[in-house]
Each structure stands twice: as structure tokens, then as C-alpha cells.
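Listed below are the residues making up each chain.
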Amino acid sequence: MKLTTKEITVFAMLGAVMYASKIVMEFAPNIHLLGVFTISFTVVYRKKALYPIYIYVLLNGLFSGFSAWWVPYLYIWTVLWGAIMLLPKKMPKWMQPFVYMAVCAIHGFLFGTLYAPVQAVLFGLSFEGMIAWIVAGLPWDFLHGISNFFCGILIMPIVTVLRLAERSTQKN
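In this report, we go over the structure that sits alongside the text. On a predicted model such as this, the values are computed, not experimentally measured, just so you know.

Viewed as axis vectors pointing N to C, helix H5 (residues 96-123) and helix H6 (residues 127-136) meet at an angle of 145 degrees, and their least axial separation amounts to 9 Å. Read as a crossing pair, H5 and H6 show a hand that is right-handed. Across the interface between the two elements, Gly112, Thr113, Tyr115, Ala116, Pro117, Gln119 and Ala120 of H5 pack against Met130, Trp133 and Ile134 of H6. By residue class, the composition of the contact of H5 with H6 is seven nonpolar, three polar and no charged.

This is the structure:
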């Protein structure tokens, strides 16, 4: 996956946009556009979407600290990326928004569950302790999933803009 200079620049900017969107939305816990951006970038850039995703992850660690909370970020966005990669590329246009919104919501609902195993290992929790940690976070995961669903309305417009930008820069 060799990158062009244009791709390096675009992916750096997209990763920075992800990080900036997170900072802007910090006033609202578990409501953000990270899932929206992860899905949009994956639909447009496929494997190469990992670049902006991990630029975001790196920026998060650099500015907020490489601490225990950060470790699950090394895989948690890749799970969403992988789910989108497994979907058919030739999905009917009318179906795409609903499928992407649903996957975005599912990732939000499962966020605490995906996060929990690493936290259990890092903090020495038993299996029961990990389950208790997941259950305690269910209200936040519910909010996360619902907000991801509604924020998912933005996925197809972002995909459209990214594809348009890609086409316009390929002509030059």
C-alpha cells in the first residue's frame, strides 16, 4: 500500500479532522463523529482508511496521554473498519445509509464491551469484574449507540464529498 504525496497529505488532514471533531464534541459525553468518519473513510478509501484512523489514534495519545484508556483505541476503531470492509461494495444505493447507520449504532452499543477486555487485563479484573464493568457502562453505551445512529445520517454526504474531491484531484 504505497502512498502518494497527495494521499499522505489527505490522510493527515482527515486524521486531524477526526481528532478536532472529538475535541469539539467533548462537551457531550459519548456523542461524537468518530464512527461516522471511520465508516466514511472506509467506504471511500478501503484499506487505506487505516491511515487517517491511526493518525487520529496517535493524535489522541499525543495530546491526551498514552495511558490505559488509550490502549483499546489501538483496536476499537479497527473493529468498525473491519465490519465495513466485510460489507458488499455493490450494496444498493437506497440501502447504504441504513446499513451504515445501523453498523455505526451497533459499534456504539458495543463500545464498552469491546473496550472491557483490555481494561480487565490492565486492571486485573476477573471475568465477573469485567462483566460488572460492562454492565455499569450500559447507560453510556446506550447513549453512544443512539447518538451514533443519528450522527450516521452524515455518512453518505461525507462519502459523496470525499468521492467528489477524489475525482476532482485525479483530473489534475
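From this point, the narrative continues.
Quick look at unusual backbone geometry now. A positive phi is found at Asn30, a non-glycine position, where the angle reads about 65 degrees. Positionally, Asn30 belongs in the loop between helix H1 (5-24) and helix H2 (34-45). Since its relative accessible area comes to 25%, Asn30 is described here as partly exposed. Its identity is not glycine, yet Arg46 carries a phi of approximately 55 degrees, on the positive side.

About the thresholds
Residues numbered from 1 in each chain as written. Predicted model: local features only at pLDDT ≥ 70, side-chain atom pairs only at ≥ 80, totals over all residues. Heavy atoms only, no water. Axes fitted to C-alpha atoms, helices over the stretch in contact; angles between N-to-C directions. Helix = DSSP H or I, 4+ residues; strand = E, 2+ residues; numbered from the N terminus. Left-handed = near helix turned anticlockwise from the far one by under 90°. Contact = heavy atoms within 4.5 Å. Nonpolar A, V, L, I, M, F, W, Y, C, P; charged D, E, K, R; others polar. Buried < 20%, exposed > 50% of the residue type's maximum accessible area, 1.4 Å probe, protein only.

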